[in-house]
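Chain residues, written in single-letter form:
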Amino acid sequence: MKRLFVALAALLIFGAVKLPFERSLAAEHRRAFFHAAELNLELREQIGQGGFIAALSGFRSVLADLLWIRAHVAWENTEWGRMKLLFDAVTSLQPRALPFWEGAAWQMAYNASVAAFNDPDQPREALRQKAQREYFQLGEQYLLRGIKFNPDRAILFDRLGLIYQDKMKDPCKAAWAYGEAAKRKDAMPYVQRLALYNLARCPGREAEAYSGLVKLFHKGKEERLLTLLTRIDELQEKLNIPPEQRIDTAPDRKEATPR
């Protein structure tokens, strides 16, 4: 009886000492946007019991790298379903590793989607287009999930904008994604420009886009790229800007570079 009392007392003391540490660790995870990463049964099914034990033992990074290599082999063998399962496991193990999210999205939205559209075993073009769109959406989903874990970084917003712009042909969503990238501290120098280019093609947002493009134009000659000048000309016509208020882009077109 005495031993049981001592054991219970020891457990209570250990719990009291452990609680502040766990709270501190949880707070640190929240600050690092790591709160949604879980080692759950779904992950166990994806990586097997041995891999799950390794992850629990502190080998998440090593295991993620190994699975990433396997995913690359699956890509070489055009095993798209297997590749996705491996990507799911890798991103679950290392949700703060940006290259994993970026690579998974690229493989799905670009490589797998092209393979689906060119599938020789599917003669119906409508079904091939449907499969292609589904891979676009998988790429989008990887980036949206990655952003939940890394909302402070610009790169995933930038890659999301590219999918919306090039693959889904949705300038409104592309403008939003590039605009979000521009708000981050590590924003690329081109994302604000791309946000405005896409905004100019978003129905109902033309006036807002024109205002932003004009501001960019007046920042200096280095900003007066050919696409910028073209978008300004298009919007001046579409918005019926009075002639005396229009920007004359002709002088800058002689020296303008693309983009």
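That block above? That's the structure.
It should be emphasised that the depicted structure is a prediction, and the values quoted were computed from it without experimental measurement. (Residues numbered from 1 in each chain as written. Predicted model: local features only at pLDDT ≥ 70, side-chain atom pairs only at ≥ 80, totals over all residues. Heavy atoms only, no water.)

Asker: So, the packing of aromatic side chains: which residues are in play, and what are the values?
Answerer: Enumeration according to the criterion identifies six aromatic pairs in this entry. For the ring pair Trp 106 and Tyr 110, a centre distance of 3.9 Å and an interplane angle of 10° mean the geometry is stacked. You can see Trp 106 and its partner Tyr 110 sitting in helix H5 (residues 98-117), four residues apart, about one turn around the helix. Note on Trp 106: relative accessible area 43%, which makes it partly exposed. A connected cluster of aromatic rings, assembled from ring pairs, spans Trp 68, Phe 87, Phe 100 and Tyr 142. Positioned above the aromatic ring of Phe 117 is the side chain of Arg 128, whose terminal nitrogen or guanidinium carbon lies 5.2 Å from the ring centre. One Lys or Arg, Arg 224, reaches over the ring of Phe 217 and ends 4.0 Å from the middle of that ring. (Phe/Tyr/Trp six-rings, centres within 6.5 Å; stacked < 30°, edge-to-face > 60°. Helix = DSSP H or I, 4+ residues; strand = E, 2+ residues; numbered from the N terminus. Buried < 20%, exposed > 50% of the residue type's maximum accessible area, 1.4 Å probe, protein only. Lys NZ or Arg CZ within 6 Å of the ring centre and 35° of its normal.)

Asker: Can you tell me about the pattern of salt bridges, naming the residues and giving the values?
Answerer: One pass over the structure, following the stated rule, counts 18 salt bridges. Linking Arg 253 and Asp 233 is a salt bridge whose minimum nitrogen-to-oxygen distance equals 2.7 Å. With a gap of 20 residues between them, Arg 253 in helix H12 (residues 250-253) and Asp 233 in helix H11 (residues 226-238) connect regions that are remote in the sequence. A relative accessible area of 31% means that Arg 253 is categorised as partly exposed. Through salt bridges that share partners, Lys 84, Asp 88 and Arg 145 make up one connected network. (Salt bridge = Lys/Arg side-chain N within 4 Å of Asp/Glu carboxyl O.)

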